[in-house]
Amino acid sequence: PRIHPGTPMDPLFVGKAITTETSGNVVLLPKYGNRHGLVAGATGTGKTVTLMTLAEGFSRIGVPVFLADVKGDVSGLAVPGASSEKLQARIAQLGMADYRNEAAPVVFWDLWGKSGHPVRTTVSEMGPTLLGRILELNDTQSGVLDIVFKLADDRGLLLLDLEDLRALLGLIAEERKDISTSYGLVSTQSIGAIQRALLRLEQEGADLFFGEPALELSDLMRTTTDGRGVVNILAADQLILKPKLYSSFLLWLLSELFETLPEVGDLDKPKLVFVFDEAHLLFDDAPPALRQRIEQVVRIIRSKGVGVYFCSQFPDDVPDEILGQLGNRFQHALRAFTPRDQKAVKTAAETFVANPALDVAKAIGQLGVGEALVSTLQDKGVPMPVEHTLIAPPRCRMGAITDAERQQVRAGSPVGMKYDTRVDRDSAAEMLAKKAEAKAGQAQAPEAKAGPEDAGGGGIGGALHDFLFGSTGPRGGKRDGVVQQVARNEARRLGTRVLRGVLGGIFGGKR
């Protein structure tokens, strides 16, 4: 049935507690879905299944979801699952009377447009800070990039794609002295470093990411006619190989949501749930200013109705100042084989609300696949004591889909006509090219008025013209042709004869 805004929401069923003294259902209340969350655990312990269960649950109550598909198996949300004895046993153990295999409404996205609709943004929308991080620029080079954006604003030049950015860098190189006086010192070395970084980025295929039509956030917040939220899946199996581009793109998207959406306060359910897989890539080598920005976004975006869920192997992959903002926790198994693992287990155990019936540090190392330690926010936003939980299975396929199935889903997408065809309108590169052509035409205009000797044009005709009538050198010097030389010689000869005749008449000479 269609879910109407304001209707009380059923809790999202996460699983069943199997702690010694309790056996109740473990749920996530929709009204606290925007209080963010963390899904952590070692590889192969069931983090992806938990993410899919949460995505399906939010979709069923009308909440759109955006998540990255790092390994390719999240795509299974788009098709119904298949029944099996193991699955039926888990369903019976959990007491899920209403369970049925079904697909979630899915839209596929891909930065390169191969496994989904192309995701694009403009250089201007990305901004110099995130773009500088993608290009891995130092502070001096980032300052030059700031000047590029400021110059584009002052001169009314649109920065849409990498070609526009490269054209602006060329303009700054030509007018470097004047620009350095007005905006700050610009060195040729910094310009060259940015150009080389752009070349590397372009070779990685990022030039397809910058352009139009740019992604509209409203297309990530769609619901179906029966009231279910659309699950937006970003194909990231290749993107994850370029961690700077991956993390910067998701951070840009999160920042756009933060800057665009209005304040809504506490709602009955989130407006959007944003899942950040491989979260450690967001914080690795991040400068303090960027980490402060991330903390600010995570802290405030809750009031705009967006819930952010980080997914990573270790809970300490997320900085403490951000970890403290994550109210809903799902901790899968960690094997304490190394000092790093032991520290992570201790950190995870200390972040949960204690349960007298559960030794958290010991349980983390003994969890089976599909089991997790769960603590979610309950009435009045109070976190519940941690529970050893048997996670509910998703209703979709737990595995990747085929290329044919992906194409079928993509063909029925409501946004395909809008984004699949690239648009290339006049921007900085085209505008600067037109100005250069106009300037070149003005420089050639005086030469066109120099006289009939220029009428011959280029090629053999031009050479013959220059030979007969002369030419003008690059510095304005004149060179006579054969016609001028013959005329000059003839004039000199006639002048000599006239002079002789005049002198003969004066001095009485013979003719």
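How each quantity is defined
Residues numbered from 1 in each chain as written. Predicted model: local features only at pLDDT ≥ 70, side-chain atom pairs only at ≥ 80, totals over all residues. Heavy atoms only, no water. Helix = DSSP H or I, 4+ residues; strand = E, 2+ residues; numbered from the N terminus. Buried < 20%, exposed > 50% of the residue type's maximum accessible area, 1.4 Å probe, protein only. Contact = heavy atoms within 4.5 Å. Areas by Shrake-Rupley, 256 points an atom, 1.4 Å probe, with all protein chains shown as cover. Salt bridge = Lys/Arg side-chain N within 4 Å of Asp/Glu carboxyl O. Pairing = 2+ DSSP bridges. Axes fitted to C-alpha atoms, helices over the stretch in contact; angles between N-to-C directions.

Structural notes on the overall build of the chain
Thought 1: Per the secondary structure count, the chain includes 18 helices and 14 strands.
Thought 2: Every one of the 511 residues in the chain was classed for burial, and the buried ones make up 49%.
Thought 3: For the chain, the share of sequence-separated contacts (at least 6 apart) that also reach a separation of at least 24 residues comes to 74%.
Thought 4: Accessible area for the chain stands at about 25,200 Å²; split by element, carbon and sulfur atoms hold 54% of it.

Thoughts on the pattern of salt bridges
Thought 1: According to the stated counting rule, one finds 19 salt bridges in the structure shown.
Thought 2: For D154, the salt bridge identified is with K150, shortest N-O distance 3.4 Å. Of this pair, D154 and K150 both sit in helix 4 (residues 139–154), 4 residues apart, which is roughly one turn of that helix.
Thought 3: For D154, a relative accessible area of 42% corresponds to the partly exposed category.
Thought 4: A salt bridge links D226 to R228, with the nearest nitrogen and oxygen atoms 3.5 Å apart.

Overview of the sheet that holds strand 7 (residues 231–235)
Thought 1: Pairing is mixed in the open sheet, where 12 strands are placed in the order 2-1-12-11-10-3-9-8-4-7-5-6. The outermost strands of the open sheet, each flanked by one partner alone, are strand 2 (25–28) and strand 6 (117–118).
Thought 2: Each of strand 1 (12–17) and strand 12 (387–391) is contacted by helix 2 (residues 85–94), which is oriented at about 140° to strand 12, the strand it contacts most.

Looking at the pairing of strand 3 (residues 37–40)
Thought 1: Taking every second residue as pointing to the same face, both faces of strand 3 are buried, with G37 and V39 on one and L38 and A40 on the other.
Thought 2: Pairing analysis gives 4 bridges linking strand 3 to strand 10 (residues 328–331), with the strands arranged parallel. Residue L38 lies in a different strand from strand 10, and its bridge partner there is R329.

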